[in-house]
Each structure stands twice: as structure tokens, then as C-alpha cells.
Amino acid sequence: MKVGVIGCGFQGSLHVECLQALEDVEVVAVCDTDRSRLDEVRSTTRSAKGYADYRDLLDRHALDLVTVCTMPNHHMRMTVDAFATGAHVLCEKPLALDASEGREMLRAAAAADRMLGIGFNMRFTPNAQIIKRHIESGVLGRPLYTHAWAKSSQIPWWGEHYRKELSGGGALAATAVHFLDLALWFAGFPRPVAASASAAQVFPTKRGPTAPDTASAGRYNVDDLLAAHLRFEDGFWMTLQGSWVDNIPSHADGSPSWDYSLDAIGESAQAVLDPPSIRGEREGEIIELLPPDTVSDVSFPPSVASLIAETVNAIRAGRDAPVTGEQALVTQVIVDAIYESAAAGAEVSIDPSELDWSR
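The following refers to the structure shown.

## A closer look at the overall build of the protein chain
A tally of regular secondary structure across the protein chain gives 11 helices and 15 strands. Each of the three principal axes of the protein chain carries a C-alpha extent, and together these read 65 × 50 × 45 Å. Burial status across the protein chain gives 53% buried among its 359 residues. Relative to all contacts within the protein chain whose residues are 6 or more apart in sequence, the contacts with residues 24 or more apart total 72%. In the structure as shown, the protein chain presents an accessible area of about 15600 Å², 49% of it carried by carbon and sulfur atoms. One finds the centroid of the 30 positive side-chain charges in the protein chain at a distance of 4 Å from the centroid of its 48 negative side-chain charges.

Structure, rendered in C-alpha cells:
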């Protein structure tokens, strides 16, 4: 399988590493507009060609798979162009800047009869896999309510996620969206009907001195504190929190702390992502349904490696992507509705037609 990787930042370099670890997979081309990043990633490959323009990468190679590891403002155009060459696409999350771009990506995938996979890698952490297997066994019963959150003590300055025109949003679109996807996956992707949300930009009142330079501080224009209440067609509901400005104590070595998890309540049992727990009830007593020696693991790079390996396997077997574009569109429609609600200060209804990408 011949693969091209577009974007050589942290995520792109991780994609290259993970792809090269797979049997009969060759990274033949990489692309980045930053020459130093491009050269650094090329040095880790056997013989990959390097390009500053992704269109040259697509034009000069017959690729089986293209992975798009850029900021979301490029996702739609690069994905559509890759499909036009006959390649399958694994695009990093979120799907796109908004749902309208996401629908274009899905239409292009259908027209080319190619697979569109999306990089929601948190599904592939051992914790999430354990909980999903138990949910599929029926142990939780009908899903009722999930609370999901992603809170950090630090703004992620390592990427330009703080610029809405590039990222589509901040604490929600760049971070908490992972746990929105995870909550929907656990619940079986029920159809959303309404969102009510509030959001704020607290920077620079908080974390102002952490900006790497005055230019970055001046471009900062995203939500860094957000909460939403979401309702779904079958009576399921969820709440979602996102923050980059929580006052969580740093680790002993001074590194920033994260607090992210979800708590899913079903009619029969309740599941927590981290540390992993599934608690049920027997004769009125609360019981733990996971083995006592279950180890908590939500580590990031291994989950990306698992997602990429499963994507490659799906292409070879002619199966759907492990994270489909259709699922990512549901998530994106909800993200759009949350931001619309926060801006309007009122609940926003979600029309079913927004989930129909074929129009």
C-alpha cells in the first residue's frame, strides 16, 4: 500500500511513524509548507519524496491512501482533491471547518467510491475499547445520559488551534470534540435534535503570559471555556464541557495537567472512561463489573497507531472505515449547533436534513 502524508507537524510525523510500522505499507511522499519540518520527517523515512505543495504530491504519485494532518481549514479541499486521484483518505479530526464542508467531503468519497476515515483516535484507547465491548454486550442497557469533559490547565500553543479561521473553534472544536465523538459512539450515534450552550474567551485575563509571542496573542480568537446541553431523538441527552483555562495543578515535573473523561449512564449500569469502571446493581447493591486488575490506559500515540492500522485493514478488506465520515458529520453538525447556540444565547434546533450529505 502506497501512502502520502500531508502535513508534517506533530500529528503528521506520528502518522508516518505508525504507517512505517505496518507490514506492506510504504510512505512514498510527504508534504509540508515548512521546509524544516518536511526535511525532518523525510529523514525518518526510507525514501519518501518531499513536497511543499500537496497538489504536486497527488499529481506525481499513484497513492492508495492519503492521510490529511493539517489544520481543519484545509481538510475539505485536500480530501476532495485526493479522492479525485482515486486514493482513500484518512483525515484528522475534526471533519472540517463546518458541516457544509463535511458534506462536500462525503459526496466526493461516494463519487469516487473511496473510503473516508476520520482521526477520532480516542475510541482506540484500551479504556474505550473495554467499555464499548461491554456496551455491545447489553450490560448498560438503553443509554440515558452522558457527561463528557476535556479540561486543561494550558492553552495548546503548539498548534494554531487558537485561530478560529484555521481550526473552526477552540476548546470544543480542537479538544472536547474527541469526547463528544466518544460519547456518541458509546450511545450508538442517536440523531441530535437540539443544542444549548454557553462559551467564553477568557484569555488573556487567564493564561495571558503563556502566549509564545505578541503575534500569537493577537491572533487568539476562540472559545477556551464552554459548556453544552444536547438532546437527541430517542430521549438520550448529554452534557459536554471544554476548557483550556482550568486551574488544575501541574504535575510534579511542572508539565501541564489534563482532566478528561466521560460518565455514561444507562438503564442497567454506568460506565466511566478514566479510570475505567462499569458499575451495575445486584439486589440493590452496587457492584463493579470490570475485573479488579483492569489497568487504565488512555495514552495518545498508541491509540493513533491502532486507528491507522484498523484503517489500513479496512481498506484491504473493503470494509467501512473504523471511524466513518458519516459519523464525523453527526459530530460536526452538533459542534456547529453548539457554537450557534453560544453565539445566540438560545437553544438551537438541529434539522435532520443537516445530516443528509447526499443533497
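## Examining the nonpolar core
L116, L182, L230, M238, I334 and I338 are the most contacted members of the largest nonpolar core, which totals 81 residues. Among residues more than four places away in sequence, those in contact with L116 are T79, F83, V89, L95, M105, L106, A109, A321, V323, T324 and G325.

## Topic: the side chain of S167
Counting through the fold element by element, S167 comes out in helix α7 (residues 164-167). The class of S167 is buried, set by a relative accessible area of 3%. Within the local environment of S167, its side chain forms a polar contact with the backbone oxygen of H161, the two atoms lying 3.1 Å apart. In terms of polar contacts, S167 uses its side chain to reach the backbone carbonyl oxygen of G169, at 2.7 Å.

## Some words on the sheet that holds strand β9 (residues 225-232)
Within the open sheet, the nine strands sit side by side as β14-β13-β12-β11-β7-β10-β9-β8-β15. Their pairing is mixed. Here the strands that pair on one side only, and so sit at the sheet edges, are β14 (285-288) and β15 (348-349). Where β9 and strand β10 (residues 237-243) come together, seven bridges link them in antiparallel fashion. Counterpart to A228 in the pairing with β10 is L240. Strands in contact with helix α11 (residues 325-344) are β8 (192-200), β9, β10 and β15; relative to β8, the strand with the most contacts, it is inclined by about 50 degrees.

## What about the packing of helix α6 (residues 126-136) against helix α8 (residues 171-187)?
The N-to-C vectors of α6 and α8 enclose an angle of 25 degrees; their axes lie 9 Å apart at closest approach. Classified by the angle between their axes, α6 and α8 sit roughly parallel to one another. Taken together, the residues of α8 that come into contact with α6 (itself represented by A128, Q129, I131, K132 and I135) are L182, W185 and F186. Looking at side-chain class alone, the contact of α6 with α8 contains six nonpolar, one polar and one charged residues.

## Looking at the sheet that holds strand β4 (residues 65-68)
The strands making up a sheet associate through hydrogen bonds between their backbones, and the pairing can be parallel or antiparallel. Reading across from one edge, β3-β2-β1-β4-β5-β6 is the order of the six strands in this open sheet, with parallel pairing throughout. Each edge of the open sheet carries a strand with a single partner, namely β3 (49-51) and β6 (116-119). Adjacent strand axes in the sheet meet at a mean angle of 20 degrees, parallel and antiparallel pairs treated alike. The strands that helix α4 (residues 75-84) touches are β1 (2-6), β4, β5 (88-92) and β6; relative to β5, the one it contacts most, it runs at about 170 degrees.

## Comments concerning unusual backbone geometry
Omega for the bond connecting K93 with P94 falls within 30 degrees of zero, at -15 degrees, which places this linkage in the cis form. Topologically, P94 is positioned in the loop between β5 and α5 (99-112). For the peptide bond that leads from D274 to P275, omega is -5 degrees, which places it in the cis range. Checked against the element boundaries, P275 lands in the loop between β12 (270-272) and β13 (277-282).

## A short note on the layout of surface pockets
The space that makes up the largest pocket amounts to roughly 1500 Å³. Contributing to the lining of the largest pocket are 48 residues, with F10, Q11, W158, G159 and H161 lying nearest its centre. Within the residue set of the lining of the largest pocket, elements represented by two or more residues are α1 (10-20), α3 (54-60), α7, α8 and β11 (258-266). Per-element accounting of the lining of the largest pocket gives the leading share, five residues, to α8. Per-class residue counts for the lining of the largest pocket are 25 nonpolar, 16 polar and seven charged. In terms of lining residues, the second largest pocket is bounded by 15 residues, among which R114, M115, L116, D320 and E326 are the most central. Ranked by residues supplied to the lining of the second largest pocket, first place goes to α5 with three residues. Here the lining of the second largest pocket is built from residues that sort into seven nonpolar, three polar and five charged.

Parameters at a glance
- Residues numbered from 1 in each chain as written.
- Predicted model: local features only at pLDDT ≥ 70, side-chain atom pairs only at ≥ 80, totals over all residues.
- Heavy atoms only, no water.
- Helix = DSSP H or I, 4+ residues; strand = E, 2+ residues; numbered from the N terminus.
- Buried < 20%, exposed > 50% of the residue type's maximum accessible area, 1.4 Å probe, protein only.
- Contact = heavy atoms within 4.5 Å.
- Areas by Shrake-Rupley, 256 points an atom, 1.4 Å probe, with all protein chains shown as cover.
- Lys, Arg positive; Asp, Glu negative; His and termini not counted.
- Charge placed at Lys NZ, Arg CZ, Asp CG, Glu CD.
- Core = buried A, V, L, I, M, F, W, Y, C linked by side-chain atoms within 4.5 Å.
- Polar contact = N/O pair within 3.5 Å; in protein donor to acceptor, adjacent residues only side chain to side chain.
- Pairing = 2+ DSSP bridges.
- Axes fitted to C-alpha atoms, helices over the stretch in contact; angles between N-to-C directions.
- Parallel < 35°, antiparallel > 145°, perpendicular 65-115°, else oblique.
- Nonpolar A, V, L, I, M, F, W, Y, C, P; charged D, E, K, R; others polar.
- 1 Å grid on protein atoms, 1.4 Å probe; cavity = no way out; pocket = protein on both sides within 12 Å on 5 of 7 lines; lining within 4 Å.
- Points joined across faces, edges and corners; volume = space filled by probe spheres on them.

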